[in-house]
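Survey of secondary and tertiary structure
Listed below are the residues making up each chain.
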Amino acid sequence: MRLSQIPIFTLREDPSDAEIPSHKLLVRAGYIQKLASGIYVYGPLMWRVLKKVSTIVREELDREGANEMLMPILQPREIWDESGRWNRYIADGILFHLGDSKQAELCLGPTHEEVITTYVKRICNSYKQLPFNLYQIQDKFRDEIRPRFGLMRGREFIMKDAYSFDADDAGLDRSYDAMNRAYHKIFERCGLEFSAVDADAGAIGGSGSQEFMVIADKGEDAILICDRGNYAANVEKADSRITPSPDGGAAQPLRKESTPDIRTVEQLEGFFKMPAARMAKTVLYEAVFPDHVETVAVMMRGDLEINEVKLVNAVDGLAVRLADEATVKRVTGAEVGFAGPIGLKEEVRVFADLSLQGMTNLLTGCCETDFHCLDVNPGRDFPMPEFRDLRRARSGEGCPRCDGSLIEKRGIEVGHIFKLGTKYSVPMEATFLDQNGKRKPLVMGCYGIGISRTAQSAVEQNYDENGIIWPRPIAPFEVVVAVLDPKKSDQVEVGTRLYEQLRAAGVDACLDDRAMSPGVKFKDLDLLGFPLRVVVGRRASEGIVEFSERRKSEEKSEIAVDTVLARVSS
RNA sequence: CGGGGCGUAGCGCAGCCUGGUAGCGCACCUCGUUCGGGACGAGGGAGUCGGAGGUUCAAAUCCUCUCGCCCCGACCA
């Protein structure tokens, strides 16, 4: 392709509405253009990148025996009622939905579990057809509460979604492992630094899940990685080894002490000269369920933090939020800052983190303004709480699997794999007959990759002050042959011949035959980010051109034109 | 949804407080010079100042409503 034939339009200044480097660069270099919040046009060069990512995805999924297909974007409400997700998605406000001329309700697909399950239930009746895996690459629509960062969190975006169907859990494990393998290869081939981490399955549900995170400082997710490589997890899910709290000794009689205006753990540490690890703080939450809202109390060791995702799972609700002041006062009968397990209204369910299990003689609040209790013992002074893992693991704590310690990094979630089990097949009655003629629900897995997000994450990980540095496997072109002065026939001839030679050898090259001053051309090509550059300039007539890698702009070498192919292929 | 900010030429911005001929830089077009790291000169085109209503002799500017976009938070398969 000749760049003169592509309407390339680059900007000299950063767009005012972009925040992170990859977003600024993709807009500045003209790869994407915003049409509305979270909705982007992919220009010709961006589309080349997206096609390359898609091709890698297809090749690796096909290698594992998955089958590409295509499902409708427009989906009827009925199937979403069958799975029970219509109201949930409407309530969350992320579903684009509409009515047709006959008043039937439809939505633009945010995901395709319902469609695939409906499709498969009609075509699959027997265990003999199992297992199989179906996937598509298609635009998805989610009315994100806050679209952000260009393609990172768009309202329309390109996604690969795959669904596996097995007869039993062992089969699902194999299908899941196959996708796990494929995902590792896909992101390696894309040239990305990534980490596969244990993840919370969230609203999609299911028994196991991993996220594939591209490591980047501006990533939206925090992840914890073992420094010896034995564990990696999203903080939403992560576990860790923590230092045990000092032994509280044999149970002592309960004492109540006046603590005027002492409300926080830090203040209590000073007041009682007692380490936070010997205290239990009590935090009140409102847990949201489909049909009601309930106040729950969470007890956590004083020096540790609550993980709200774990809490949502523990209460089996839709969401949790910190209780407001009025609620705190109502259920504790005290000012904010004095909540405790003693004296709470009876209807409040009390959860306690595992770190408190077996601890004695705790310092806690007791639902009385300006008082705290010492030597509190669970089961004696208040009903035994429900012990659960509710703790947010933190950087510096021990790896749960080895003696290493955890390091916190930030990541961009580019892929997510789930073991769904029968979450959709049971309510939607997607069943098959097993060897004994017995009807069983299909055991499903689902596997997503954000294609457009992956492309942007590559930029977030590969840029410098001059612009983008595409990883070679997904660059819009691997090599640019830049004719410095298209008015000089020797340069045009040498450049064109070289370009054609590279193309003939299967190298994805483009020819920059645009007429612009050398300085402008160099800056423009740096911004666009082609990984390899061959400049055909003043020594063209001698058969000498300049070769350089975008990543190492300083290292330029003058080489004979007939050695370029070898250099590019090495 | 709560808090904050911004809508003026394709892009980035000034002008608004204190009402009175709509500006700057980049980009774009023409001509000339220049041209291996975002050149220079001369000339030129391009804006219903987001929209509606109001106040006023007069509104980009003041008032009301509305739409859009961005940031923080909440939220987020």
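Just so it is clear, the model here is predicted, and its values are computed rather than measured.

Quick notes on the rules
- Numbers given for residues are sequential positions, taken from 1 along each chain in its written order.
- Going through the entries in the order they are written, you letter the chains from A and number the ligands from 1.
- Where totals are concerned, whole chains, interfaces and linings use all residues; where local detail is concerned, this predicted model gives features only for residues with pLDDT of at least 70, and gives and counts side-chain atom pairs only at 80 or more.
- To obtain the side-chain values, all non-hydrogen atoms of the structure were used and water was disregarded.
- We count a salt bridge whenever a side-chain nitrogen from Lys or Arg sits within 4 Å of a carboxyl oxygen from Asp or Glu.
- Counting from the N terminus, the helices are the DSSP runs of H or I reaching at least four residues and the strands are the DSSP runs of E reaching at least two.
- Three labels apply to residues, based on accessible area from a 1.4 Å probe with only protein chains included: buried if under 20% of the type maximum, exposed if over 50%, partly exposed otherwise in between.
- Proximity criterion: a residue is near a molecule or strand once any of its heavy atoms comes within 4 Å of it.
- The term polar contact refers here to a pair of N or O atoms within 3.5 Å; inside protein, the definition further demands a hydrogen-donor-capable atom paired with an acceptor-capable atom, and it admits residues adjacent in sequence only when both atoms are side-chain atoms.
- Charged means Asp, Glu, Lys or Arg here, nonpolar means Ala, Val, Leu, Ile, Met, Phe, Trp, Tyr, Cys or Pro, and polar covers whatever is left, Gly included.
- Should any heavy atoms of two residues lie within 4.5 Å, those residues are counted as being in contact.

Moving on: the pattern of salt bridges. Scanning the model with the defined rule gives 50 salt bridges in all. Here Arg77 makes a salt bridge to Asp81, at a shortest N to O gap of 2.9 Å. Taken together, the positions of Arg77 and Asp81, both in helix α3 (residues 77-83) and 4 residues apart, correspond to about one turn of that helix. Take Arg77: its relative accessible area is 22%, and that puts it in the partly exposed class. With its nearest N and O atoms 3.9 Å apart, the salt bridge here joins Glu549 to Lys552. Through salt bridges with shared partners, one network takes in Asp239, Glu305, Arg391, Arg394 and Glu397.

We now examine unusual backbone geometry. One can expect most non-glycine residues to show negative phi and most peptide bonds to be in trans. Looking along the chain, the bond that leaves Leu130 and enters Pro131 is cis, with omega of -5 degrees. Despite not being glycine, Asp375 shows a phi value in the positive range, around 55 degrees. Position of Asp375 relative to the elements: it lies in strand β19 (residues 371-376). In this structure, Glu429 takes a positive phi of about 55 degrees despite not being glycine. Among the structural elements, Glu429 can be located in the loop between β21 (406-421) and β22 (431-433).

Right, let's get into the protein's contact with RNA strand B. Arg142, Arg146, Met159, Asp526 and Glu546 are the nearest of the 36 residues found near RNA strand B. Restricting the count to atoms of RNA strand B within 4 Å of the protein gives a sugar and phosphate share of 54%. Separating a phosphate oxygen of RNA strand B from a side-chain N or O atom of Ser16 is a distance of 3.0 Å. A distance of 2.3 Å is found between a phosphate oxygen of RNA strand B and a side-chain nitrogen or oxygen belonging to Arg146. At the level of secondary structure, the elements contributing two or more residues to the surface near RNA strand B comprise β1 (32-36) and α12 (518-528). Examining the composition of the surface near RNA strand B, we find that 6 residues originate from one element, α12, more than from any other. Among the residues forming the surface near RNA strand B, the class breakdown is 13 nonpolar, 5 polar and 18 charged.

All of the buried residues along helix α8 (residues 308-315) are Lys310, Leu311, Val312, Ala314 and Val315. Of the surrounding secondary structure, the elements contacted by the buried residues of α8 are β14 (280-288), β15 (293-301), β16 (319-322), β17 (349-353) and β20 (386-388). In this structure Asn307 caps α8, since a side-chain oxygen of it lies 2.9 Å from the backbone nitrogen of Val309. Positive phi shows up at Asp316, right after α8, with a value of about 60 degrees.

Remember that the coordinates give geometry; whether it matters functionally is a separate question.
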